[in-house]
Amino acid sequence: MPELPEVEALRSFLTDKLTGATIARTELLAFSALKTFQLPLSALQGGEVEQVRRYGKFIAIDVSGSWLVFHLARAGWLQWRDAMPVKPARPGRGPLSLRVVLADGAGFDLTEMGTQRKLAVYVVGDPQEVPMLASLGPDPLADEFDSDALAAILTKAGRAQLKGVLRDQRVIAGIGNAYSDEILHAAKLSPFKPSNALSADEHARLFAAIKDELHDAIARSVGRAAKELKGEKKIGLRVHGRAGEPCDVCGTPIAEVSFADSSLQYCPTCQTGGKPLADRRMSKLLK
């Protein structure tokens with residue numbers, strides 16, 4: 001799933017490609033992707049792109065005052081084309097969900113692999129009209145997201161596990177499964193540690209890891225073409241998706257906890273004092 005660094009890189013990429021361009025046409029191929037109906041997709045036709053914003057994992061494109069907002073979900077992606085086909089695409093069972101064509105013939109496709117079809121597209125007069133976007137927590141890259149702001153979040157979360165708190169978009173916007181693993185590894189904290197049980201040193205490590213891991217990932221990603229971002233994300237991850245590989249800090253094999261529809265990875269030596277974590281479907285942290 002694209003997370004904050006990749007979506008921020010997409011925002012930067014689309015800002016360069018789209019600002020000042022005119023939307024010639026839009027083609028909706030997966031009708032389930034469009035979540036709004038008050039403004040039709042045709043409202044974007046003939047409009048000029050004024051800006052591109054990011055809200056958590058959402059991209060919002062300002063087209064002459066109307067907004068095209070999309071969330072790529074777990075299996076979605078954006079593919080840029082310098083020359084779009086002249087002939088409109090046909091709806092079918094393929095991955096293509098939405099095509100946006102510019103007046104100069106370039107444009108982008110939103111695609112989604114698999115069968116779940118959770119990619120979401122909205123056409124609204126204001127991004128805050130998108131329900132999920134309006135409920136997002138603070139952006140961890142914002143200046144106002146400081147150590148005190150994080151402390152307030154962790155206190156409010158109570159005994160909720162750090163992994164879940166970092167992933168909850170209503171609490172902190174943009175961090176997902178992969179970068180929560182990376183942040184907790186960098187901070188040397190257990191994914192299952194209660195949020196309100198951090199020492200002052202642990203809190204400082206967590207705050208620094210949130211800022212550093214996200215900024216470093218963005219620095220690796222911004223400036224790359226959209227087609228390169230997925231590969232860059234995988235290369236840059238140290239623990240997520242690397243179960244069985246040696247930790248680059250201590251050499252211990254990276255361990256994994258599997259859930260019904262996801263998994264987390266961690267280093268037992270760096271993060272849990274050498275103790276394995278039990279599957280949360282069965283039991284709590286082994287003591």
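The structure displayed is predicted, hence computed values, not measured ones. (Residues numbered from 1 in each chain as written. Predicted model: local features only at pLDDT ≥ 70, side-chain atom pairs only at ≥ 80, totals over all residues. Heavy atoms only, no water.)

## Describing a negative patch on the surface
Cut-off, in case you're wondering: Exposure above 30% relative accessible area and the lack of any salt bridge qualify a residue for a patch; like charges then connect within 9 Å, and the nonpolar side chains Val, Leu, Ile, Met, Phe, Trp and Tyr within 5 Å. Note that accessible areas follow from Shrake-Rupley with a 1.4 Å probe, and for residues the cover is restricted to the protein chains shown. Every case where a carboxyl oxygen of Asp or Glu lies within 4 Å of a side-chain nitrogen of Lys or Arg is listed as a salt bridge. Note that His is not counted, nor are the chain ends; the positive residues are Lys and Arg, and the negative ones are Asp and Glu. Where a charge lies is defined by one atom per residue type, namely NZ (Lys), CZ (Arg), CG (Asp) and CD (Glu). Helix and strand assignments follow DSSP, with helices taken as H or I runs no shorter than four residues and strands as E runs no shorter than two, numbered in order from the N terminus.
A contiguous patch of negative charge, built from D143, E144, D146 and D148, is present on the exposed surface. Along the polypeptide, D148 turns up in helix α3 (residues 147-157).

## Topic: the confidence of the model for the chain
The criterion, for reference: pLDDT runs from 0 to 100 and stands for how confident the predictor is about each residue. By the convention used here, residues are in contact when the closest approach between their heavy atoms is within 4.5 Å.
Put simply, the chain has an average pLDDT of 93, and 97% of its residues get 70 or more. Low pLDDT (under 50) marks residues 281-287, which in the prediction has 13 contacts with non-local residues, meaning those over four places away or in another chain.

## What about the packing of α3 against helix α6 (residues 200-221)?
Basically, it comes down to this: Interaxial angle, 0 to 180 degrees, is taken between N-to-C directions of lines fitted to C-alpha atoms, where a helix line uses only the stretch in contact. Should an angle fall under 35 degrees it is taken as roughly parallel, and over 145 as roughly antiparallel, whereas 65 to 115 is taken as roughly perpendicular and any remaining angle as oblique. Helix crossings fall into two classes, left-handed where the near helix is turned counterclockwise from the far one by less than a right angle and right-handed where it is turned clockwise. In this classification, the charged set is Asp, Glu, Lys and Arg, the nonpolar set is Ala, Val, Leu, Ile, Met, Phe, Trp, Tyr, Cys and Pro, and all remaining amino acids, among them Gly, are polar.
Where α3 meets α6, the axes come as close as 10 Å, and the angle between the chain directions of the two elements is 115°. One element, α3, and the other, α6, form an angle in the roughly perpendicular class. The handedness of the crossing between α3 and α6 is right-handed. Between α3 and α6, the residues in contact are S147, L150, A151 and L154 and H203, L206, F207 and I210, respectively. Among the residues making up the contact of α3 with α6, the classes are represented as six nonpolar, two polar and no charged.

## Observations concerning the layout of surface pockets
Using a probe with the size of a water molecule, rolled over the atoms, empty space left in the structure can be pinpointed. Worth spelling out the cut-off: Here a cavity denotes a set of grid points, spaced 1 Å apart and computed over the protein atoms alone, in which a 1.4 Å probe fits but from which it cannot get out, and a pocket denotes an open set meeting protein on both sides within 12 Å along at least five of seven lines; residues with an atom within 4 Å of a point are reported as lining. Grid points are joined across faces, edges and corners, and a volume is the space filled by probe spheres set on the points.
Considering only enclosed or pocket space, the largest pocket measures out at about 1,100 Å³ in volume. The wall of the largest pocket is formed by 37 residues, among which M1, K57, A73, R74 and R167 lie closest to the centre. When contributions to the lining of the largest pocket are tallied by element, the ones reaching two or more residues are β5 (76-81), α4 (162-167), α5 (177-187) and α7 (229-236). Looking at the lining of the largest pocket, the element that brings in the most residues is α7, giving three residues. Of the residues contributing to the lining of the largest pocket, the split by class is twelve nonpolar, twelve polar and 13 charged.

## Side note on the nonpolar core
Note the following rule: The nonpolar core is taken to be a set of buried Ala, Val, Leu, Ile, Met, Phe, Trp, Tyr and Cys residues, with the residues joined through side-chain atoms within 4.5 Å. Only protein chains enter the calculation, and the probe is 1.4 Å; a residue is then buried if its accessible area is under 20% of its type maximum, exposed if over 50%, and partly exposed in between.
Ranked by internal contacts, the top residues of the largest apolar core, which has 36 residues, are L14, I61, L68, F70 and F108. The element best represented in this core is helix α1 (residues 4-18), accounting for six residues. Discounting residues that sit within four places of it in the chain, I61 has contacts with L18, V49, Q51, V52, S66, W67, L68, F70 and F108. Within the second largest apolar cluster, 26 residues are counted, among which are L141, A187, F207 and I218.

## Digging into the pairing of strand β8 (residues 120-124)
The following threshold applies: Two strands are counted as paired when DSSP detects at least two bridges linking them.
Burial analysis of β8 places five of its five residues in the buried class, the great majority of the element. Covered by surrounding structure in β8 are A120, Y122 and V124 together with V121 and V123, the residues of both alternating faces. As judged from the five bridges shared by strand β4 (residues 66-71) and β8, these two strands associate in the antiparallel manner. Each bridged residue has a counterpart across the sheet, and for H71 the counterpart in β8 is A120.

## Here we look at the pattern of salt bridges
Tallied over the entire structure, the rule returns 16 salt bridges. Residue R54 is joined to D139 by a salt bridge in which the shortest nitrogen-to-oxygen separation is 2.8 Å. Taken as a pair, R54 in strand β2 (residues 49-55) and D139 in the loop between α2 (131-134) and α3 lie far apart in primary sequence, 85 residues in all. No difference in accessibility class separates R54 from D139, as the two residues are buried.

## Regarding the sheet that holds strand β6 (residues 96-102)
On the basis of which strands lie adjacent, the open sheet formed by four strands has the order β1-β6-β7-β5 and antiparallel pairing. What marks the edges here is a single partner per strand, and that holds for β1 (23-28) and β5. Strand-to-strand twist in this sheet, taken as the mean axis angle between neighbours without regard to direction, amounts to 15°. Contacting β5, β6 and β7 (107-112), α1 crosses the sheet at an angle of about 25° to β5.

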